[in-house]
Amino acid sequence: QADEQQATLTGPQTMKEVDGLSQIASDHETFLLDMWGVMHDGSKPYDGALDAVKRLKDHGKRIIILSNSSKRKANSERMLEKLGFDVDDFDDIITSGDITHSLLMGTASELGCSEWEILSKLIAEGKRKVFVFGSGVEDEEYCTSAGWTLAPIDDADIILARGTFTINDGNGVVDKNTDEMKYWQVMEDVLFRGAQRKLPMLVSNPDKVRPDEGLPPMPGAIGDTYERFVWTTHCAPVGDMTEEGAREYVKRIGKPFAECYEIALRNSDKKTAIMVGDALETDMVGAANSGIDSIWVTDNGIHKDDVHSQGAESVCRNFNQNEFTYAYGRRIGATYLTSRFK
């Protein structure tokens, strides 16, 4: 038990470097794969990725994609096919967007994960008005197909953060690409007004930045900002809100949070499951929280530049010193370390 506690505290010292999956495949039966940063860069597959999937499949492994995409499964299937992957090689493709859509419908338990009590209560009371931070692609259809109506922030029952390009209240759309200054002004205003009302927020992609040039913000960053708004609006001396209390108003769906792992691991033995990912805050934290092994892919994805300049152990150490991550104070590492998914 002392050794186990020490491993949790030291994190980086527990990582074992391996040359691809061949050295660990015999010890694992279920492989949970991140997409962007592990399998592809958004436009092409990484070297060795196509072969790696085929080899896992040939060896009878369960292969499940865990994607923080706020879009539905069909979108991921189209992307994989475009990049040359065979979607039939995957036992399941789980996206944050699909889980969130099921939550909005009140049917998430059918997927194998827990419902959100706050949201379930709204649905039971017939309160289905939503204010949307969107991607600009099918945002309204996404909500209406789950039984929700878009509404202004002062009339909404919940806020949905599924993108960082548009703001949609059902009456009009503010597009960041058209008027970026207005976009940020409206965002600050509606987050403050929502926080005053203690509106719950559902974040359908917990990623805070996209692994592109400049690391542009993602919906997870909206969730963090809103959480701080809720806390600072209702903390002392005007109220008794705590930081932990404010967290209850923001539900993040996807890695590293429980729902996607509940679904992915429902027919697997955790002892032989492993998460393959590039991001410490989502992939590695999620694996640690779920009690499964992990392999950190470092030559691609979000940490690649820092790893190349500082080394993996240093990057992991710096992450563990950051108080503002989804680890929430827990020091994490990875079971294994590899340069790329091969």
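Residues numbered from 1 in each chain as written. Predicted model: local features only at pLDDT ≥ 70, side-chain atom pairs only at ≥ 80, totals over all residues. Heavy atoms only, no water.

1. Re the overall build of the protein
At step 1: When its secondary structure is counted, the protein shows 13 helices and 14 strands.
At step 2: Its C-alpha atoms give the protein principal-axis dimensions of about 55 × 45 × 40 Å.
At step 3: Put simply, the protein has 342 residues, and 51% of those count as buried.
At step 4: Sequence-distant contacts in the protein: of pairs separated by 6 or more residues, those separated by 24 or more amount to 69%.
At step 5: When the accessible surface of the protein is summed, it comes to about 15,800 Å², and 46% of that surface belongs to carbon and sulfur atoms.
At step 6: In the protein, 38 positive and 57 negative side-chain charges are present, and the distance between their average locations comes to 1 Å. (Helix = DSSP H or I, 4+ residues; strand = E, 2+ residues; numbered from the N terminus. Buried < 20%, exposed > 50% of the residue type's maximum accessible area, 1.4 Å probe, protein only. Contact = heavy atoms within 4.5 Å. Areas by Shrake-Rupley, 256 points an atom, 1.4 Å probe, with all protein chains shown as cover. Lys, Arg positive; Asp, Glu negative; His and termini not counted. Charge placed at Lys NZ, Arg CZ, Asp CG, Glu CD.)

2. Quick word on the environment of Met-79
At step 1: Secondary-structure assignment places Met-79 in helix 3 (residues 73-82).
At step 2: For Met-79, a relative accessible area of 28% corresponds to the partly exposed category.
At step 3: Taking the C-alpha atoms as reference points, Met-79 and Leu-199, separated by 120 residues in sequence, lie 34 Å from one another.
At step 4: What Met-79 contacts, discounting residues up to four positions off in sequence, is Met-35, His-40 and Gly-42.

3. A look at the sheet that holds strand 1 (residues 16-17)
At step 1: Taken together, seven strands build an open sheet; the order of strands is 1-14-13-12-2-3-4 and the sheet is parallel. In the strand order of this sheet, the two ends are held by strand 1 and strand 4 (92-95), each with one partner.
At step 2: One ladder, built from four bridges, connects strand 3 (residues 62-67) with strand 4; its direction is parallel. Bridged to Ile-65 within strand 4 is Ile-93. (Pairing = 2+ DSSP bridges.)

4. Details of the packing of aromatic side chains
At step 1: One pass over the full model with this rule turns up five aromatic pairs.
At step 2: The interplanar angle of 80 degrees and the centroid separation of 5.1 Å between the aromatic rings of Tyr-183 and Trp-184 together place this pair among those described as edge-to-face.
At step 3: Judged by relative accessible area, Tyr-183 falls into the buried class, the value being 0%.
At step 4: Ring geometry for Phe-257 against Tyr-326: centres 4.9 Å apart, planes inclined by 70 degrees, an arrangement best described as edge-to-face. Taken together, the residues span a long stretch of sequence, with Phe-257 in the loop between strand 11 (250-252) and helix 10 (258-264) and Tyr-326 in the loop between helix 13 (312-320) and strand 14 (336-338) at a distance of 69 residues.
At step 5: Take Phe-257: its relative accessible area is 17%, and that puts it in the buried class.
At step 6: Chaining the aromatic ring pairs together yields one cluster made of Phe-257, Tyr-326 and Tyr-328.
At step 7: For Arg-162, the ring lying beneath its charged end belongs to Tyr-142, and the centroid distance is 4.1 Å.
At step 8: Seen from the ring of Tyr-326, Lys-208 lies directly overhead, with NZ or CZ sitting 4.3 Å from the centre. (Phe/Tyr/Trp six-rings, centres within 6.5 Å; stacked < 30°, edge-to-face > 60°. Lys NZ or Arg CZ within 6 Å of the ring centre and 35° of its normal.)

5. Some remarks on helix 13
At step 1: Taken together, the buried positions of helix 13 are occupied by Ala-312, Ser-314, Val-315, Cys-316, Phe-319 and Asn-320.
At step 2: Of the surrounding secondary structure, the elements contacted by the buried residues of helix 13 are helix 11 (280-290), strand 13 (293-297), helix 12 (304-310) and strand 14.

6. What about unusual backbone geometry?
At step 1: Of note, the bond from Ala-236 into Pro-237 is cis; its omega dihedral lies within 30 degrees of zero at 10 degrees.
At step 2: Examined against the element boundaries, Pro-237 turns out to sit in the loop between helix 8 (219-234) and helix 9 (243-247).
At step 3: One non-glycine residue, Glu-138, adopts positive backbone phi at about 60 degrees.
At step 4: By relative accessible area, which is 57% here, Glu-138 ends up exposed.

7. So, the pairing of strand 13
At step 1: In terms of residue burial, strand 13 counts as a mostly covered element, since four of its five residues are buried.
At step 2: Relative to strand 13, strand 12 (residues 273-277) is paired through four bridges, and the arrangement is parallel. Opposite Ile-274, over in strand 13, you have Asp-293 as the bridge partner.
At step 3: Since strand 12 and strand 13 lie parallel, the crossover through helix 11 that links them has a hand, and here it is right-handed.
At step 4: As paired elements, strand 13 and strand 14 share three bridges and run parallel to each other. Note that in strand 14 the partner of Trp-296 across the bridge is Leu-337. (Right-handed = clockwise from strand over helix to strand, strands pointing away.)

8. Quick word on the side chain of Asp-157
At step 1: Within the fold, Asp-157 resides in the loop between strand 6 (149-150) and strand 7 (158-161).
At step 2: Only 3.3 Å separates the side chain of Asp-157 from the backbone nitrogen of Arg-128, close enough to count as a polar contact.
At step 3: In contact with Asp-157, not counting residues within four places along its chain, are Leu-122, Lys-127, Arg-128, Lys-129, Leu-199 and Pro-200. (Polar contact = N/O pair within 3.5 Å; in protein donor to acceptor, adjacent residues only side chain to side chain.)

9. Some details on the side chain of Ser-290
At step 1: With respect to the helices and strands, the residue Ser-290 is situated in helix 11.
At step 2: Owing to a relative accessible area of 11%, Ser-290 belongs among the buried residues under this scheme.
At step 3: A polar contact of 2.9 Å, which involves the side chain of Ser-290, links it to the backbone oxygen of Gly-286.
At step 4: Beyond its immediate chain neighbours, meaning those up to four positions away, Ser-290 contacts Tyr-261, Leu-265 and Lys-270.

So far we have only geometry, and geometry alone does not tell us how the molecule works.
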